[in-house]
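Examination of the molecular architecture
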Amino acid sequence: MLRAGYLLRRIAAALVVIAGVLTLTFVITRVLPSDPARLVAGQRASPEQVALIRQELGLDRPLSVQFVHYLDNLAHGDLGTSLATGRSVRTDLGIFLPATLELVLCGMALALLIGIPAGVLAAARERGVFDRATGLAAILGAAAPVFALALLAQQIFFNQLHWLPLNGRLDSDVSFAHPVTAITGFLLLDTALTGNWTAWRDALAHILLPALVVAIYPLSIVLRMTRNTTAEALRQPHITVAHAKGLHGRTVVLRHALRSAMLPVLTIAGLTFAYAITGTILVELIFRWPGIGKYVADAIVAKDFPPILAVTLVSTVIFVAVTLGVDLLRVALDPRTRDDGVTR
Amino acid sequence: MDVLRRSGAVGDAGTAAGDARRVTGAATGRGRTRRWRRVAGRPALWLSGLFLAAVVAGALLAPWVTPYADEGAGAPNIAHKLLAPSWEHPLGADEMGRDMLARVLYGARSSLALALLVVSSSVVVGVIVGLAAGYAGGWADEAAMRTTDVFLAFPNLLLAILLVTVLGGGFVSTVLALALVWWPIYALLVRGQVVSLRSQPFIEAARATGVTPLGIMRRHLLPNALTPLLVYATIDLGAVILVAAGLSFIGLGPQPPAADWGVMIYSGRQYVLGGSWWVAGVPGLAIMLTALAFAVLGDTLRDAGDPRQRG
Amino acid sequence: MKSVRTLFLALCLVAVLSSCAAPPPASVQPPATPATQDAPASSANIARAAVEPSAFLDLDPSAACTAELWILNNVYETLTRYTPTGSAEAIEPGLATSWSASDDGLTWTFHLREGVTFHDGAAFDASAVKQSVERTQRLGQCAAYLFEPISEIETPDPYTVVFKLSQPAPLDAIMASPYSAWITSPLIADKDAAWFAAGNEAGTGPYRYERYEPGQRLVVQRYEDYWGGWEPGQFDTIIFELLDDSVVAEQMLRAGQLDFVNQLIITPDQMAGLDGVEGLRLDTAPSVANWIINLNHRRAPTNDVRVRQALAYSFPYTAVVANAVLGKGTLAHGAVPAGVWGQDPEPQRYIEDLDKARSLLEEAGYGDGMEITFSYDPPEEPTAELWQANLAKIGVTLNLEPADITTRWEPARRSPELAPEAFMLRWAPDIVDPYSYLFNLFHSEEEPLWNMGFYNDPAFDALLEQARLETVTDPAAATADYIAAQRMLADDAAAIYALDVPELNIIAGDIQGYVTNPAYSHMPYWYDLRREQ
């Protein structure tokens, strides 16, 4: 009962945020600029085209009417037309979004796969060598500009070691000899589903480096978070009791400490997801990764406004959805969660 | 360590719970001296402090400390194109033959000025909104908190990109855009402090003795929020430099000949493979070390203010 | 208990994923292996070239006007072709085997090659040529102006086309232009830009599209029924990598992943560093391209001739020659570069003279300074900064607006009054003729196309027209008139002639057969190239 109430309130809160996001973007795009039509039509547009857009947007009508119109368009999935690609932004997003999601998900997977075990290890020997080393690495990882990391990663793994490919999602030879059938748009998944293992291996090789760079920031956060919560949990009475009962040290850490540490880590993972999306803009630019980040970067250069707005909206909605999902997952995973979502 | 704090902030707004806040821990302010003594011996703190002092001094005095002030400001000297580091040019020369040390110092001027302006204006707005919301409570509080939720739902670089695109490039609009992205954090932080203190006996007492709301805020509420504000503001100076560099890197930075770290990396990276690593490497290192130093400083401040930390 | 189980499940998943996420490096195709050396034999017939820019390819051959042409030159063909510099004949047969003109230059007859098919199956014949040229005229884009003199097209038999002209024009040269002269299949007469952007084509050339991945690459494959036939050693596949990042291009070159990159993609400075790299060579050849900075005649302050002259005197010509193209460029004489007939033999009168520039500005009332905007392609940043520094010394602030040509060109030509005061074009001519430079860049236009200074002088237009009409009938008079026209432009300081540039390419060392052809600058014809075995 309590949980149902929480669920509803949590969803309502998310909807309020979405409504606010829509209002804010409306203000930014329609009220702030001196000529919203010129912004949408692009600098390349002729006065006639601008006039047409002005009419389409209904800029001569009251703001309230414009707002309703704006929401109506969004509700129909109308995100405008990209001046650069000449396609509707919705079509473009359909093309570019899967690549970004694949990259971000792989990055998050790396962050969790490396961050959680490393964090636990660090906590197991608090202030030990490993703890200090990972602490330093984490603070470095959080302070390094992502584009510098990307350039550095290319320099090391491509130019020096020749281990990993430079950029793109697939080698052109491979995609030529082993064409990929698009099903989900996730190359790793599509190639696996069709049994195209040559392309799968190539796709994996291509995604490792950008995913690693995307992962660095979340990894730093997850590592320190896991380390801190685990260390704190280890000091809790029930752990001490477990120790007293003679349980082996490793078992204690894993079963008890990690258990209470997992929930905050999960929360953090969800939150860093949004930052990973932000980071991908620069990473995709450098790795020539055909996702929404590169789409935005190209749009900035081309002064192509509709994609910038659309990607901002979509990323924000994804972020709100992910935080909502994480919260709901917490409630589902932790029976001790109270009605207000707070863990006792 | 940006997200750690943000997660705590969002937690307050009723989304993710306050676990993260428990870990990051806001300071209260007792036993401050003892805790300062505890952190004062850390070499990382001294290194960071010295580095930042050097950067700030170098930036402030740039026209006088470098013999290549005009090159720092942008004058090309094509005869020195891509000179490797030497005694005359300790950090080499860039593609226009300008002394890299002078360029980096002039770049520090704009980076630091931008970060300082963004953070200070965010703090001011955040403190006002946070104090008002936390003290007033009720629907005003609710409205303020929902507004911050909305801002925090945007990935910060994307919101900044959107705003800079709309406002047009340039220093002032970049400051405006980043401040708009940043203020909600401080509003949440201050508001959280205020709410936790609002019903404390000493506040009740002050109110009973007829101290005005403004007086209570100034004398009791604000001072208590000061340590965490300082911690976050310090870390944010580095974070703002990073995001601003990102904006420059994708082409939303200032135009030449002005020195800007993000632009310098972008335009300099085409010379790296040919061997002139310093053109992009030096500003890259400058950004990284500066952000790192601010992070270490902020972390130390936090530890100093955190009574739960064991020494 | 439940959460513990979830946790262990998660950890198991972690273990599984981490085992597969770490493939042995051996399974990764080593990217650093130059395709030239120990690559499998099958890839010896694949070549890779870089093409810019990535996002805006207009693949309609009647409209394409920039880097798309580097691809289209291998997919579509023209009736005639320019020969490389130094050949006996300036023009050679293409899809037409022979041609003749009437004495008045008003009737041109082309005899067409037989046995040619379009990639879409349509037969190549006179009616296809007629429809193709009419389509280009109808669309009116890019160099369509070249076809304006054509008033009527007759097809007396399937392999003969007769063009009736309203004015004399060198139609044999026009039909060789890589701009807008491509012959397209009659089946695509009504297709629009979207159809082409979806990766469709219908040419007669040796290569056909295999696959188009927008923003990534366009792959072309040999067209088995190509009329020229195939012999061993020719490339089966050309992969055009769409690159807008010079650093990515340089990395790929160093890793042996590209065979051909030109100076519009990577900067000459980068090329200097690549010249010594194993497996690569720097190819330098004279070209007929030049850098021209048009000055806006439709807005203040550049509508004042004294201001334009001051700007022309402020440009750092020698520093730019020394720095811009590895010192391989030459000082320009005017709008028409060396290597093109009709070039003014005298050096241009404007040299770097800041004192003169300052006094001209004072005279014009801008002694206290002014601010103008300069639009150029990003790789030319150093040139822009050199000029900016010179202008700063005489109180002029130069705002830099670097952008890809396709991005900056449209808005500027749409609104002349708001367009930048200085607009640089890296001009490669549509036909190797002074007319290409003088008409495109300076002839008055109702709807501006490439005249980005919006220069408008009826006397100049008339002189140009006269010279054009004399081209076929009285070449000596045409030359004299073109030289006079260039001097009129100098009187007006209509533009700044920054530099005549050579063509620079980085080519894989084992690629044989590339001969620079100034008329098709940066457009290798891959059918002619081989990889040394």
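Nothing here was measured: the structure is a model prediction, and the numbers come from that model. (Residues numbered from 1 in each chain as written. Chains lettered and ligands numbered in written order. Predicted model: local features only at pLDDT ≥ 70, side-chain atom pairs only at ≥ 80, totals over all residues. Heavy atoms only, no water.)

1. Details of a nonpolar patch on the surface
Filter applied, for reference: Exposure above 30% relative accessible area and the lack of any salt bridge qualify a residue for a patch; like charges then connect within 9 Å, and the nonpolar side chains Val, Leu, Ile, Met, Phe, Trp and Tyr within 5 Å. Computed by Shrake-Rupley with a 1.4 Å probe, the accessible areas treat only the displayed protein chains as cover when residues are assessed. A carboxyl oxygen of Asp or Glu within 4 Å of a side-chain nitrogen of Lys or Arg is what we treat as a salt bridge. Buried, partly exposed and exposed residues are distinguished by accessible area as a fraction of the type maximum, computed with a 1.4 Å probe on protein chains only: under 20%, between the cut-offs, and over 50%, respectively.
On the surface, Val 27, Val 31, Leu 32 and Leu 63 of chain A together with Leu 117, Leu 167, Phe 171, Val 172 and Leu 176 of chain B cluster together to form a nonpolar patch covering roughly 740 Å² of accessible area. On the accessibility criterion, Leu 117 of chain B (41% relative accessible area) is partly exposed.

2. Quick notes on the packing of helix H9 (residues 156-167) of chain B against helix H10 (residues 171-198) of chain B
The packing of two helices is summarised by the inter-axis angle and the distance between the axes. Residues and elements named next belong to chain B. As a reminder, the rule being used: Axis geometry follows a simple rule: fit a line to the C-alpha atoms, using only the stretch in contact for helices, then measure angles between N-to-C directions, giving values from 0 to 180 degrees. For helices the rule is a DSSP run of H or I covering at least 4 residues; for strands it is a run of E covering at least 2, with both sets numbered from the N terminus onward. Two helices cross in a left-handed way if the nearer one is turned anticlockwise from the farther one by less than a right angle. They cross in a right-handed way if the turn is clockwise. In what follows, a contact means two residues having at least one pair of non-hydrogen atoms within 4.5 Å. Think of it as three bins: nonpolar holds Ala, Val, Leu, Ile, Met, Phe, Trp, Tyr, Cys and Pro, charged holds Asp, Glu, Lys and Arg, and polar takes everything else, Gly as well.
Axis separation between H9 and H10 bottoms out at 9 Å; the angle between their running directions is 145 degrees. The crossing of H9 and H10 is right-handed. Contact residues: H9 offers Asn 156, Leu 159, Ala 160, Leu 163, Val 164 and Leu 167, while H10 offers Ser 173, Thr 174, Leu 176, Ala 177, Leu 178, Leu 180, Val 181 and Trp 182. Taken together, the residues of the contact of H9 with H10 sort by class into 11 nonpolar, three polar and no charged.

3. Thoughts on the packing of helix H6 (residues 129-143) of chain A against helix H10 (residues 197-234) of chain A
Residue and element names in this part refer to chain A. How we decide: Each angle is binned into one of four classes, with values under 35 degrees roughly parallel, values over 145 roughly antiparallel, values of 65 to 115 roughly perpendicular, and all other values oblique.
Running from N to C, H6 and H10 point in directions that differ by 140 degrees, and their axes come no closer than 8 Å. Regarding the angle of H6 to H10, the classification is oblique. Crossing of H6 against H10: the hand is left-handed. Contacts from Asp 131, Thr 134, Gly 135, Ala 138, Gly 141 and Ala 142 of H6 reach H10 at Ile 216, Tyr 217, Ser 220, Leu 223, Arg 224 and Arg 227. Here the contact of H6 with H10 is built from residues that sort into five nonpolar, four polar and three charged.

4. What about the domain arrangement of chain A?
Residues and elements named next belong to chain A. So the rule is basically this: Domains are outlined according to an automatic or database domain assignment. A quick way to say it: buried area is the sum, across both parts, of accessible area lost when two parts are put together, with a 1.4 Å probe.
Segmenting chain A into domains produces domain 1 (7-75) and domain 2 (94-337). Counting residues at the interface gives 16 residues for domain 1 and 12 residues for domain 2. A combined buried area of about 1,200 Å² lies between domain 1 and domain 2, and 83% of that area is made up of carbon and sulfur atoms. In this assembly, domain 1 and domain 2 are joined by one salt bridge. Asp 327 is paired through a salt bridge with Arg 10; the nearest N and O atoms lie 2.8 Å apart. Broken down by secondary-structure element, the contributors of at least two residues to the side of domain 1 that touches domain 2 are helix H1 (2-31), helix H2 (36-41) and helix H4 (63-75). Element by element, the count of residues in the side of domain 1 that touches domain 2 is highest for H1, at 10 residues. A breakdown of the residues in the side of domain 1 that touches domain 2 according to their chemical character gives 11 nonpolar, four polar and one charged.

5. Some thoughts on helix H13 (residues 261-268) of chain B
The criterion, for reference: For this quantity, the arc is that covered by the directions from the helix axis to the C-beta atoms.
The set of residues buried in H13 of chain B consists of Trp 261, Gly 262, Met 264, Ile 265 and Gly 268 of chain B. Summarising the axial view, the buried residues of H13 of chain B lie within an arc of 165 degrees, below the 170-degree limit, and thus occupy one face. Where the residues of H13 of chain B are buried, they touch helix H7 (146-160) of chain A together with helix H7 (100-136), helix H12 (213-252) and helix H14 (278-305) of chain B.

6. Describing the pairing of strand S13 (residues 370-376) of chain C
Residues and elements named next belong to chain C. Keep this limit in mind: Pairing between strands is defined by DSSP: at least two bridges between the two strands are required. When the strands point away from the viewer, a crossover counts as right-handed if the path from the first strand over the helix to the second runs clockwise.
Most of S13 is tucked away, with six of its seven residues classed as buried. Alignment of S13 against strand S14 (residues 396-402), held across seven bridges, turns out to be parallel. By the bridge assignment for S14, Thr 373 is matched with Asn 399. In this region the chain leaves S13, passes through helix H11 (residues 381-393) and returns to the parallel neighbour S14; the handedness of that crossover is right-handed. Bridge analysis of S13 against strand S15 (residues 422-427) gives two bridges, and the strand direction is parallel.

7. Some thoughts on the nonpolar core
Residues and elements named next belong to chain C. Note the following rule: Here, nonpolar core refers to any group of buried Ala, Val, Leu, Ile, Met, Phe, Trp, Tyr and Cys residues whose side-chain atoms link them within 4.5 Å.
Grouped together as the largest cluster of nonpolar side chains are 173 residues, with contacts concentrated most on Leu 79, Phe 163, Phe 442 and Trp 526. The element best represented in this core is strand S16 (residues 495-508), accounting for 10 residues. If near-sequence neighbours (up to four positions away) are discounted, Leu 79 is found in contact with Pro 93, Gly 94, Leu 95, Ala 96, Phe 110, Leu 112, Phe 124, Val 129, Phe 163, Met 175 and Ile 183.

8. Notes on the packing of aromatic side chains
Selection criterion: Each aromatic pair joins two rings of Phe, Tyr and Trp (for Trp, the six-membered one) with centres within 6.5 Å, and gets the label stacked for planes under 30 degrees apart, edge-to-face for over 60, and tilted for any other angle.
Scanning the entire structure with this criterion turns up 38 aromatic pairs over all chains. For the ring pair Trp 197 of chain A and Trp 200 of chain A, a centre distance of 5.7 Å and an interplane angle of 75 degrees mean the geometry is edge-to-face. A residue pair is termed a helical-turn pair when its members lie 3 or 4 positions apart in one helix, as Trp 197 of chain A and Trp 200 of chain A do in helix H10 at three residues. An angle of 75 degrees between the planes, with centres 6.1 Å apart, marks the rings of Phe 260 of chain C and Trp 526 of chain C as edge-to-face. With a gap of 266 residues between them, Phe 260 of chain C in strand S11 (residues 260-262) and Trp 526 of chain C in the loop between strand S17 (511-512) and strand S18 (530-531) connect regions that are remote in the sequence. For Trp 526 of chain C, a relative accessible area of 0% corresponds to the buried category. One aromatic cluster in this structure is built from Tyr 207, Tyr 226, Trp 227, Trp 230, Tyr 525 and Tyr 527 of chain C.

9. Thoughts on H4 of chain A
Rules: What a helix should span is 1.5 Å times the count of its residues minus one.
The end-to-end C-alpha distance of H4 of chain A, which contains 13 residues, comes to 18 Å, matching closely the 18 Å that a straight helix rising 1.5 Å per residue would cover. Directly after H4 of chain A, the chain includes Gly 77 of chain A, whose backbone phi takes a positive value near 75 degrees.

10. Examining the interface of chain C and chain B
Worth spelling out the cut-off: Counted as a polar contact is a pair of N or O atoms within 3.5 Å, where, for protein atoms, one must be capable of donating a hydrogen and the other of accepting one, and residues adjacent in sequence contribute only when both atoms are in side chains.
With 19 residues of chain C at the interface, the matching set in chain B holds 13 residues. Approximately 1,500 Å² of surface area, both sides summed, lies buried where chain C meets chain B, with 54% of it carried by carbon and sulfur atoms. In terms of surface lost to chain B, no three residues of chain C exceed Val 247, Asp 269 and Glu 385 of chain C, which account for 30% of the buried area on that side. In this assembly, chain C and chain B are joined by three salt bridges. Linking Arg 98 of chain B and Glu 385 of chain C is a salt bridge whose minimum nitrogen-to-oxygen distance equals 2.8 Å. Between the two partners, chain C and chain B, sit nine residue pairs in polar contact (both at pLDDT 80 or more). Here the side of chain C that touches chain B gets six residues from one element, more than from any other, and that element is H11 of chain C. Here the residues of the side of chain C that touches chain B sort into six nonpolar, seven polar and six charged.

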